[in-house]
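# Structural characterization, general
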Amino acid sequence: MLRNLFGIRSYDKSIVNATDPLNNSINEKCARIRAAFLLKFQESLAENYFITGKRGEPKMIKLPRNMVEWEE
């Protein structure tokens, strides 16, 4: 498996960056997801699926939990 100079696998670094509240990576990803939804849906529908939350704070999706089906 490929490792960088510090011995961290590339996907490990991506996970660390996305979960670090001081790193802007998660905000960039959320903006891309938002843009993708807006390409396919009207904002009034898409906003239920946006990942929201201020920088450094917990993220959430507005969609009510009773509308989510979990399949195993």
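Attention in this report is confined to the structure presented alongside it.

Cut-offs applied
Residues numbered from 1 in each chain as written. Predicted model: local features only at pLDDT ≥ 70, side-chain atom pairs only at ≥ 80, totals over all residues. Heavy atoms only, no water. Salt bridge = Lys/Arg side-chain N within 4 Å of Asp/Glu carboxyl O. Buried < 20%, exposed > 50% of the residue type's maximum accessible area, 1.4 Å probe, protein only. Helix = DSSP H or I, 4+ residues; strand = E, 2+ residues; numbered from the N terminus. Contact = heavy atoms within 4.5 Å.

Next up on the list: the pattern of salt bridges. Within the structure shown, the criterion is met by one salt bridge. Salt-bridge contacts for Arg34 lead to Glu43; the nearest nitrogen and oxygen are separated by 3.4 Å. Classification of Glu43 as partly exposed rests on a relative accessible area of 43%.

Below, the discussion takes up the environment of Met60. Position of Met60 among the secondary structure elements: in strand S2 (residues 60-61). Here the alpha-carbon distance between Met60 and Tyr49, two residues 11 residues apart in the chain, equals 9.2 Å. In contact with Met60, other than residues within four places in its own chain, are Phe50, Ile51 and Thr52.

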